[in-house]
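Each chain is listed here by its residues.
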Amino acid sequence: GVIASGESGDGHPGNSQWRHGYSHKAGIALSPLGGGLAAVWAERLTRADIFDALRARRCYGTTSSRIKLRFKANDHWMGADIPVSKDQLKAGLPIEMEIDVAGESDIDAIHLFRNGQIVHCMPGFGPSLSRRHRETLQIDDCTYLSAERFAYYYVRVIMKDGHMAWSSPVWFSVES
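Residues numbered from 1 in each chain as written. Predicted model: local features only at pLDDT ≥ 70, side-chain atom pairs only at ≥ 80, totals over all residues. Heavy atoms only, no water.

Here we take up the sheet that holds strand β3 (residues 68–73). As summarised here, the arrangement of the four strands in space is β4-β3-β6-β9, forming an open sheet in which the pairing is antiparallel. Whereas interior strands pair on both sides, the edge strands pair on one side only; in this sheet they are β4 (76–77) and β9 (128–137). With 10 bridges joining them, strand β6 (residues 93–102) and β9 adopt antiparallel strand pairing. Bridge assignment links leucine 93 to a residue of β9, and that residue is leucine 137. (Pairing = 2+ DSSP bridges. Helix = DSSP H or I, 4+ residues; strand = E, 2+ residues; numbered from the N terminus.)

Written out as structure tokens, the structure is:
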């Protein structure tokens, strides 16, 4: 799964400040956007549920902005690994994606990726957006790692103030 974490040593993880007085020191990489934040979709705000959500990869990262990002594919949360058969892909597997975003500034664009390539771009119209996107996954849309064939989808959100968020992927693994 995807998380973002920033620790600049200033005692404010995820909220580091651009400090010109320290930028000359080796090893300190500060950003005007601050450090990263990890976000988790947990059932409850308990330690056990947060770790369960992290293990299930129901998590995402932001550039220190409080961006709410929910991403599902075929009713499975981000981070899911969905087994599919070659026959389903040969016939064309319908993929229904749900993307919900709410941020602290207006949304500039939302990019939907398949296997690392942008397959759909949605312009933003304000600080929140809910969209559905449908496509058909074919066997030729899948990629390989060793002998395993799979496809993955994830979302990148770009806000007008420069902040961003990245979802964990949803994986479609081809059964042998």
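This part is about the packing of aromatic side chains. Throughout the structure, instances matching the rule amount to seven aromatic pairs. Look at phenylalanine 150 and tyrosine 152: their rings are 6.3 Å apart centre to centre, the planes differ by 25°, and that puts the pair in the stacked class. The buried category is assigned to phenylalanine 150, whose relative accessible area is 14%. By relative accessible area, tyrosine 152 is classed as buried at 19%. For the pair tyrosine 153 and phenylalanine 172, a centre-to-centre distance of 6.0 Å together with 90° between the ring planes defines the contact as edge-to-face. You can see tyrosine 153 sitting in strand β11 (residues 148–159) and its partner phenylalanine 172 sitting in strand β13 (residues 170–174), a full 19 residues away along the chain. Side by side, tyrosine 153 and phenylalanine 172 carry an identical accessibility label, which is buried. (Phe/Tyr/Trp six-rings, centres within 6.5 Å; stacked < 30°, edge-to-face > 60°. Buried < 20%, exposed > 50% of the residue type's maximum accessible area, 1.4 Å probe, protein only.)

Moving on: the pattern of salt bridges. Once the charged atoms of two side chains with opposite charge are near each other, the side chains can pair. Scanning all chains against the criterion turns up nine salt bridges. Where arginine 134 meets glutamate 96, a salt bridge forms, and the shortest distance between an N and an O atom there is 2.7 Å. Note that arginine 134 is positioned in strand β9 and glutamate 96 in strand β6, a separation of 38 residues in sequence. The network of salt bridges with common partners includes Arg70, Glu98, Asp100 and Arg132. (Salt bridge = Lys/Arg side-chain N within 4 Å of Asp/Glu carboxyl O.)

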